[in-house]
Amino acid sequence: MYPDRVLSGMRPTGAMHLGHFHGVLKNWIKIQHEHECLFMVADWHALTTHYDHPQNIEAYVWDMVIDWLAAGIDPNQATLFIQSRVPEHAELHLLLSMMTPLGWLERVPTYKEQQEKISDRDLSTYGFLGYPLLQAADILIYRANRVPVGEDQVPHIEFTREIARRFNHLYGREPDFEEKALGAVKKLGSKKARLYLELRTRYNEQGDDGALEAARALLGESQSLTVVDRERVFGYLEGSGKMILVEPQAMLTETSRLLGLDGQKMSKSYNNTIDLRDEEATIIKKIRTMPTDPARVRRTDPGEPSRCPVYSFHQIYSDAKTRDWVQQGCRSAGIGCLECKQPVVERVLDELRPMRAKAQAYLDDPTLVRNVIADGCERARKLAGDTLRDVRESVGLGYS
Ligand code: TRP
Ligand code: SF4
């Protein structure tokens with residue numbers, strides 16, 4: 001049994017905007033208090049698609065991390081690190097590539113979709129095909145059991161589970177598994193070991209679920225085993241092999257989706273964002289010039305909030321009373337659009353003011369962020385090294 005652990009990552013896209021904040025970061029900030037969390041900058045993943053112009057990556061990495069911190073990711077709660085600084089990911093990716101059927105990669109839906117969508121670059125590359133496997137390595141190297149991601153990433157988590165299952169199936173049953181399991185059982189101490197073996201027999205011969213429960217509880221409270229030995233003893237109990245890699249679950253949270261200023265998805269490439277570090281004057285101007293329901297040509301024309309991007313902001317920022325006021329005022333032409341936008345302007349300014357100040361502190365002293373990342377990378381490397389040791393041994397490369 002491995003610890004409860006969350007891993008998630010983002011490709012470095014530079015400064016974060018409100019879409020990132022409401023769609024991803026707010027959730028990360030919440031779960032950092034509930035689980036052990038690792039948050040990663042996926043800079044290698046950026047190269048899978050942008051190998052031909054890597055110039056921006058460095059600045060994007062630091063801008064993104066500054067905004068994570070400014071938004072409230074707490075480096076004392078969560079481990080923040082950069083993928084390429086933990087080369088263990090690459091070794092696991094390589095080792096997993098040996099047993100990854102090509103067809104599995106070709107069938108990942110994002111592969112063909114992205115290839116068709118992105119026409120200005122040649123994505124018929126080895127690295128791009130391997131994108132989901134690199135992501136699998138990111139997750140599996142920490143034995144993370146939970147991965148908060150958006151809907152679009154679910155096939156990648158499913159793929160990761162399949163890779164873990166295949167790996168465990170291929171390597172989890174060492175030829176001398178029984179011997180090793182019994183060796184591990186001994187380490188429980190003779191009294192516990194005897195009880196464990198009795199319970200195991202009762203479960204395996206009589207299907208006694210109570211005995212299985214009792215044996216699990218016994219192992220649960222026993223502190224004397226290494227992680228690998230624990231896995232052996234748990235696996236031996238139920239007659240399965242050793243779980244070397246953990247099958248992760250996607251953590252789908254309903255996030256409030258904030259649309260862009262023009263009503264499309266908020267995205268830098270659509271030029272419709274409010275960035276976490278935008279100046280007050282910029283924010284005010286962006287919201288005041290936002291398009292509204294096109295039916296409201298004149299102030300006296302009634303409108304329909306569901307056709308207006310401003311209303312998507314009200315859905316996130318306003319209470320029920322304000323939303324009622326908008327609905328009625330809009331449909332009856334009782335309020336004007338600038339009037340309608342005013343509460344949104346205020347709430348966004350209130351939300352971003354402290355973030356801008358925090359980001360400024362990080363901009364003023366870049367060593368702060370460098371130190372956070374250096375610490376995080378060090379912690380991540382330790383965890384990654386533990387898994388990699390087991391993986392190397394499993395695939396027959398355990399010699400030194
Ligand atoms: N592919 C993810 C995205 O585009 C980023 C990512 C890379 C990731 N490695 C990961 C997400 C590991 C979760 C876990 O959003
Ligand atoms: Fe949009 Fe508000 Fe104007 Fe209605 S009144 S069109 S909801 S901005």
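Our subject in this report is the structure included herewith. (Residues numbered from 1 in each chain as written. Chains lettered and ligands numbered in written order. Predicted model: local features only at pLDDT ≥ 70, side-chain atom pairs only at ≥ 80, totals over all residues. Heavy atoms only, no water.)

## Focus on helix H4 (residues 88-97)
Because each turn of an α-helix spans 3.6 residues, side chains separated by three or four positions end up pointing in the same direction. Definition in use: Burial here depends on accessible area, computed with a 1.4 Å probe over protein chains only, as a share of the maximum for the residue type. Under 20% is buried, over 50% is exposed, and the range in between is partly exposed. In this text, helices come from DSSP runs of H or I with a minimum length of four residues, and strands from runs of E with a minimum of two, each type numbered from the N-terminal end. The arc in question is formed by the directions pointing from the helix axis toward the C-beta atoms. We call two residues in contact whenever any of their non-hydrogen atoms come within 4.5 Å of each other.
Listed as buried for H4 are Glu88, His89, Leu92, Leu95 and Leu96. Each buried residue of H4 sits inside an arc of 130° when the element is viewed along its axis, so together they form one side. In this structure, the buried residues of H4 make contact with strand E2 (36-41), helix H2 (43-50), strand E3 (78-82), helix H8 (131-140), helix H9 (154-171) and helix H18 (366-394).

## Digging into the site of ligand 2
Applied cut-off: For this description, a residue counts as near a given molecule or strand if any of its non-hydrogen atoms is within 4 Å of it. Asp, Glu, Lys and Arg are counted as charged, while Ala, Val, Leu, Ile, Met, Phe, Trp, Tyr, Cys and Pro are counted as nonpolar; the rest, among them Gly, fall into the polar class.
The full set of residues close to ligand 2 is Thr292, Asp293, Arg296, Cys308, Val310, Val326, Cys330, Cys337 and Cys340. Of all elements in the fold, only helix H16 (320-331) and helix H17 (337-364) reach the threshold of two or more residues within the shell around ligand 2. Classifying every residue of the shell around ligand 2 by side-chain character gives six nonpolar, one polar and two charged.

## A closer look at the pattern of salt bridges
Close approach of charged atoms lets side chains of opposite charge pair. Formally: Think of a salt bridge as a Lys or Arg side-chain nitrogen and an Asp or Glu carboxyl oxygen that are within 4 Å of each other.
Applying the stated criterion across every chain, the model contains 23 salt bridges. Across the pair Asp390 and Arg143 runs a salt bridge, and its minimum N-O distance is 2.8 Å. In this pair, Asp390 is assigned in helix H18 and Arg143 in the loop between H8 and strand E4 (146-148), connecting sequence segments 247 residues apart. Arg143 matches Asp390 in its accessibility class, with the two residues each being buried. With a closest N to O distance of 3.2 Å, Arg353 and Asp350 form a salt bridge. Residue Arg353 and its partner Asp350 are located together in helix H17, separated by three residues, close to a single helical turn. Taking relative accessible area as the criterion, Arg353 reaches 40% and is therefore assigned partly exposed. The partly exposed category is assigned to Asp350, whose relative accessible area is 43%. What emerges from the salt-bridge pattern is a single network uniting Glu158, Arg161, Arg165 and Glu247.

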